[in-house]
Amino acid sequence: MSKLTVVVPAFNEAAVLEAFHERLARVFDDMPLDCRVLYVDDGSSDRTWDIMASLTTRDPRAEAIKLSRNFGKEAAMTAGLDAVDADAVVVIDADLQDPPELIPSLVEQWHAGFDVVYATRSAREGETGLKKFTSAAFYRSMEKISQTPVPRDTGDFRLLSRRAVDALRQLRERQRFMKGLFAWIGYRQTAVYYLREPRAAGTTKWNYWRLTQLAIEGITSFSTAPLRLATWTGVGASVLAFLYGIWVLVKAMIYGDPVRGYPTLMTVILFLGGVQLLALGVIGEYLGRNYAESKQRPLYFIDEHRRSRG
């Protein structure tokens, strides 16, 4: 019988974890597979780990890993994928915005021969207009600037075949953008569409600051477009400054117009200074990535691993 493992990274999800497991268990009961679930506690400060440990004693299909601290969702997903031994793996969040009931549809596409089956949101309930707009803008921007296009309106909820998981295990970069890595490995990929529901309980951990950081991570991981933009912005500013200088010289020589003084000088200096600082900031982002990679630190540490005795 084929084995299916569901990896669930969680950070402070005590309010919803029991309800999630109840729904997931019902899905397992109706599937003709050897189904397991692996919970990964990403350094939670609430009762998330206690609930995970309790689930492993009550359900023989449940297993739990506790990381030594909060390493971030990307590292928590990686820890789960590193630990599983199954023919197929599903990654899903615990907040019930992604319905466990969609897993059989993902498995059906896997049986049809696909290695990566990602769940694409046809609609996003319970989110503000600003959140929907910024999300759509990010995915469409990545589609344009990245050599490895990330599927639109698609999160981490997806199924991976055994060889797709093995491929991901070879990618050990420290600055991880999993949505891009899922797409980068290639193989046969397809989408299953669903309606994303509002969070069932608890509060989201993804404020606009963290989402912005994730977007920067994704862009700098899979595109050099910002560096090229900084280069062309610098070239354009230099050309404009040169042309303006010629224009000022011609006016002074032919028409005798006095050269404008302090206001014009300050405008030019501030403009060129801003362009230079922007370019340095972009270069700094890429340099920071190289610095983090050069240290070769482990992606995570495991504090405790609970397996069911059943």
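Just above, that's the structure.
Below: a short report on this structure. A quick note: this is a predicted structure, and the numbers were derived from the prediction, not measured.

About the criteria used
- Residues numbered from 1 in each chain as written.
- Predicted model: local features only at pLDDT ≥ 70, side-chain atom pairs only at ≥ 80, totals over all residues.
- Heavy atoms only, no water.
- Helix = DSSP H or I, 4+ residues; strand = E, 2+ residues; numbered from the N terminus.
- Buried < 20%, exposed > 50% of the residue type's maximum accessible area, 1.4 Å probe, protein only.
- Core = buried A, V, L, I, M, F, W, Y, C linked by side-chain atoms within 4.5 Å.
- Contact = heavy atoms within 4.5 Å.
- Axes fitted to C-alpha atoms, helices over the stretch in contact; angles between N-to-C directions.
- Parallel < 35°, antiparallel > 145°, perpendicular 65-115°, else oblique.
- Left-handed = near helix turned anticlockwise from the far one by under 90°.
- Nonpolar A, V, L, I, M, F, W, Y, C, P; charged D, E, K, R; others polar.
- Salt bridge = Lys/Arg side-chain N within 4 Å of Asp/Glu carboxyl O.
- Patch = residues over 30% accessible without salt bridge, like charges linked within 9 Å, V, L, I, M, F, W, Y side chains within 5 Å.
- Areas by Shrake-Rupley, 256 points an atom, 1.4 Å probe, with all protein chains shown as cover.
- Pairing = 2+ DSSP bridges.
- Right-handed = clockwise from strand over helix to strand, strands pointing away.

## A word on the overall build of the protein chain
- Along its length, the protein chain carries 10 helices and eight strands.
- Classification of the 310 residues of the protein chain by burial places 45% in the buried group.

## Considering the nonpolar core
- If you look at the biggest cluster of nonpolar residues, it comprises 38 residues, and the most contacted ones within it are Leu4, Val6, Tyr39, Ile103, Phe157 and Leu159.
- Not counting residues up to four positions away in its chain, the partners in contact with Leu159 are Leu4, Ala88, Val89, Val90, Leu106, Val107, Trp110, Asp115, Val116 and Val117.
- Core analysis: the second largest hydrophobic core is formed by 28 residues, Met77, Val89, Val165 and Phe182 among them.

## What to know about the environment of Phe20
- Of note, Phe20 is situated in helix α1 (residues 14-29).
- It is 8.0 Å that separates the C-alpha atoms of Phe20 and Pro100, two residues lying 80 residues apart in sequence.
- If near-sequence neighbours (up to four positions away) are discounted, Phe20 is found in contact with Val8, Tyr39, Ile92, Asp93, Ala94, Leu96 and Pro100.

## As for unusual backbone geometry
- The phi torsion at Leu96 lies on the positive side, around 70°, for a residue other than glycine.
- Tracing the chain through its elements places Leu96 in the loop between β4 (88-91) and α4 (103-111).
- The backbone of Tyr187 shows a phi angle near 65°, a positive value even though the residue is not glycine.

## Examining the packing of helix α3 (residues 73-83) against helix α6 (residues 162-169)
- At a closest axis distance of 10 Å, the pairing of α3 and α6 adopts a crossing angle of 125°. As the angle between them shows, α3 and α6 are arranged oblique. In this structure, α3 crosses over α6, and the sense of that crossing is left-handed. Between α3, through Leu81, Asp82 and Ala83, and α6, the contact on the second element is made entirely by Val165, Leu168 and Arg169.
- For the contact of α3 with α6, a count of residues per class yields four nonpolar, no polar and two charged.

## A short note on the pattern of salt bridges
- Following the criterion strictly, the structure yields 16 salt bridges and no others.
- Arg307 is paired through a salt bridge with Glu63; the nearest N and O atoms lie 3.7 Å apart. Taken together, the residues Arg307 in strand β8 (residues 302-307) and Glu63 in strand β3 (residues 62-67) connect sequence positions 244 residues apart.
- Since its relative accessible area comes to 56%, Arg307 is described here as exposed.

## Looking at a nonpolar patch on the surface
- A cluster of nonpolar side chains, Val239, Leu243 and Ile246, forms an exposed patch at the surface whose accessible area comes to about 250 Å².
- By secondary structure assignment, the location of Ile246 is in helix α9 (residues 225-255).

## Digging into the packing of α1 against helix α2 (residues 48-58)
- Put simply, α1 and α2 touch, their axes get as near as 9 Å, and they point 20° apart. Here α1 lies roughly parallel to α2, going by the angle between them. Note that α1 runs across α2; the crossing there is right-handed. On the side of α1, the interface is formed by Ala14, Leu17, Glu18 and His21, while α2 contributes Thr48, Ile51, Met52, Leu55 and Arg58.
- In terms of residue class, the contact of α1 with α2 is made up of five nonpolar, two polar and two charged.

## Digging into the environment of Ala94
- Note on placement: Ala94 falls in the loop between β4 and α4.
- In this structure Ala94 comes out as buried when scored by relative accessible area, which is 1%.
- Remark: the alpha-carbon pair of Ala94 and Phe11, spanning 83 residues in sequence, is separated by 9.2 Å.
- Excluding its chain neighbours within four sequence positions, the residues that come into contact with Ala94 are Val8, Pro9, Glu13, Val16, Leu17 and Phe20.

## Notes on the pairing of strand β1 (residues 3-10)
- Within β1, seven of the eight residues are buried, which leaves the element mostly enclosed by the surrounding structure.
- Pairing of β1 with strand β2 (residues 34-41) involves eight bridges; the strand directions are parallel. Following the sheet pairing, Pro9 is matched in β2 by Val40.
- Once the chain exits β1 it traverses α1 before rejoining the sheet at β2, and the crossover so formed is right-handed.
- The pairing of β1 with β4 spans four bridges and is parallel. Bridge assignment links Leu4 to a residue of β4, and that residue is Ala88.

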